[in-house]
Amino acid sequence: MPEAGTLHARLNDPVNQTTLGKILLVDDEPDLVALLEYNLLQAGYDVVAAHDGAEALRVAERERPDLIVLDVMMPRLDGYTVCRWLREHGDLKSTPVLMLTARGEEADQIKGLDAGADDYVAKPVSPRLLISRVGALLRRTRSDAGPERNPNQLRIDELLVDRERYVVTRGDGPDADRIHFPRKEFELLYLLASQPGIVLTRQELLDEIWGTDVHVNPRTVDVHVRKIRDKIGSEYIETVTGVGYRFREN
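Remember, predicted model here, so these are calculated numbers, not experimental data. (Residues numbered from 1 in each chain as written. Predicted model: local features only at pLDDT ≥ 70, side-chain atom pairs only at ≥ 80, totals over all residues. Heavy atoms only, no water.)

The next thing to look at is the overall build of the chain. For the chain, the count of helices and strands is 9 helices and 12 strands. When the 250 residues of the chain are sorted by exposure, 51% land in the buried category. A sequence separation of at least 24 residues applies to 58% of the contacts in the chain between residues at least 6 apart. Working note: accessible area of the chain is about 12,100 Å², and carbon and sulfur atoms make up 49% of it. (Helix = DSSP H or I, 4+ residues; strand = E, 2+ residues; numbered from the N terminus. Buried < 20%, exposed > 50% of the residue type's maximum accessible area, 1.4 Å probe, protein only. Contact = heavy atoms within 4.5 Å. Areas by Shrake-Rupley, 256 points an atom, 1.4 Å probe, with all protein chains shown as cover.)

See the structure below:
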């Protein structure tokens, strides 16, 4: 793996300056920071890092990142405290935050969203999945202007996918039809819909939705996708033969 410093030098060269955005990566595990930093740099992002919550706030104020990847469990200040501070800080309150949470800890995910996080990725982290979620969140943030936007809601044509209430509706107003989704189907739908055009393998979907510590047949994903298609229509989720699935781009 090339040295991160070499990649930083290349990216900071005006001739090769990245335009994808600056990411603040916050985690107290040096090996994980190095892995994610390398992959984000390779994907075309500029990256700055912090290794605890207090340092994260200093770096965020200095660097003004386009997006913050924030671990939960850190020394000095935890991720929840950092996220709440960011949401109260005038210059940084609209900066999207993608929180890293412990595998299978639903309470961590809910607490993170309540603190103001826009999205979460569970540990252990797949760099490829993290990069796709970073890209999707940045696209969503840049395209959905206006103070009325709810970052926990996805609008796809006449469908509204609401992660706060775990509800999917078709149509608007009092006449909107509510579509029932069991938890795993909802999470799979939201994961795919939040990053349109990104191909996710069956294994990546299994790891993110079911966890790496549970043995699940990869074809379980196919069954859940089929059920989702039965409810919302077959035109939204595309099959990439031999690889996995992607949500259609508008």
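Once that is clear, we can look at the sheet that holds strand β10 (residues 200–201). Backbone-to-backbone hydrogen bonds join strands into a sheet, with any given pair of strands oriented parallel or antiparallel. With antiparallel pairing, the 3 strands of this open sheet are ordered in space as β10-β12-β11. Each edge of the sheet is formed by a strand with only one pairing partner; in this case those strands are β10 and β11 (237–240). Pairing geometry for β11 and strand β12 (residues 244–247), over 4 bridges, is antiparallel. In the strand pairing of β12, E238 is matched with R246. This element, helix α9 (residues 219–232), spans β11 and β12 of the sheet and lies at about 150° to β11. (Pairing = 2+ DSSP bridges. Axes fitted to C-alpha atoms, helices over the stretch in contact; angles between N-to-C directions.)

This part takes up helix α7 (residues 183–193). Burial analysis of α7 places 9 of its 11 residues in the buried class, the great majority of the element. All buried positions along α7 are accounted for by E185, F186, E187, L188, L189, Y190, L191, L192 and A193.

Next up on the list: the packing of helix α3 (residues 53–63) against helix α4 (residues 79–88). Direction vectors running N to C along α3 and α4 enclose 25°, while the axes themselves pass 9 Å from each other. Taken as axis vectors, α3 and α4 run roughly parallel relative to one another. Helix-helix and strand crossings are classified by hand; for α3 and α4 the assignment is right-handed. Contacts between α3 and α4 involve G53, L57, A60 and E61 from the first element and V82, W85 and L86 from the second. Counted by class, the contact of α3 with α4 contains 5 nonpolar, 1 polar and 1 charged residues. (Parallel < 35°, antiparallel > 145°, perpendicular 65-115°, else oblique. Left-handed = near helix turned anticlockwise from the far one by under 90°. Nonpolar A, V, L, I, M, F, W, Y, C, P; charged D, E, K, R; others polar.)

Relative to the helices and strands, I198 is located in the loop between α7 and β10. Taking the relative accessible area as the measure of exposure, I198 reaches 25% and is therefore partly exposed. Not counting the four nearest positions on each side in its chain, I198 is found in contact with S132, R139, Y245 and R246.

For the rest of this paragraph, the subject is the packing of α7 against α9. The axes of two packed helices give the description: the angle between them and the distance between them. Orientation of α7 relative to α9, taken along the N-to-C sense of each, is 80°, at an axis distance of 10 Å. It follows from the interaxial angle that α7 and α9 lie roughly perpendicular. For the pair α7 and α9, the contacting residues are K184, E185, L188 and L189 in the first and V221, H224, V225, K227, I228, K231 and I232 in the second. Looking at the contact of α7 with α9 residue by residue, the class counts come to 6 nonpolar, 1 polar and 4 charged.

Moving on: the pairing of strand β6 (residues 153–156). Two faces make up the sheet, and in a regular strand the side chains alternate between them. Because side chains alternate across β6, one face comprises the buried residues L154 and I156, and the other comprises Q153 and R155, none of which is buried. As paired strands, β6 and strand β7 (residues 159–162) are joined by 4 bridges and run antiparallel to one another. Bridging from a neighbouring strand, I156 pairs with L159 of β7.

Let us now look at the pattern of salt bridges. Using the criterion set out here, one finds 20 salt bridges in the structure. Its salt-bridge partner being K123, residue D71 comes within 3.1 Å of it at the nearest N-O pair. Of this pair, D71 sits in strand β3 (residues 67–71) while K123 is found in the loop between β5 (119–122) and α6 (127–143), placing the two residues 52 residues apart along the sequence. For the pair formed by D71 and K123, the shared burial category is buried. The salt bridge involving R170 is made with E158; its shortest N-O contact spans 3.4 Å. Here the residue R170 occupies a position in strand β8 (residues 167–170), and E158 occupies one in the loop between β6 and β7, the gap between them amounting to 12 residues. The partly exposed category is assigned to R170, whose relative accessible area is 24%. Classification of E158 as partly exposed rests on a relative accessible area of 43%. Each of D27, E29, D71 and K123 takes part in one network of salt bridges that share partners. (Salt bridge = Lys/Arg side-chain N within 4 Å of Asp/Glu carboxyl O.)

Ordered in space as β2-β1-β3-β4-β5, the 5 strands form an open sheet in which the pairing is parallel. Across the chains shown, the open sheet's two edge strands, defined by having one partner strand only, are β2 (46–50) and β5. Within the sheet, the average angular offset between the axes of one strand and its neighbour, ignoring direction, is 20°. Bridging between strand β1 (residues 22–26) and β2 involves 5 bridges; their strand directions are parallel. Directly across from K22, in β2, lies its bridge partner D46. Sitting on the sheet, α3 touches β1, β2 and β3, and the angle it makes with β2 is about 145°.

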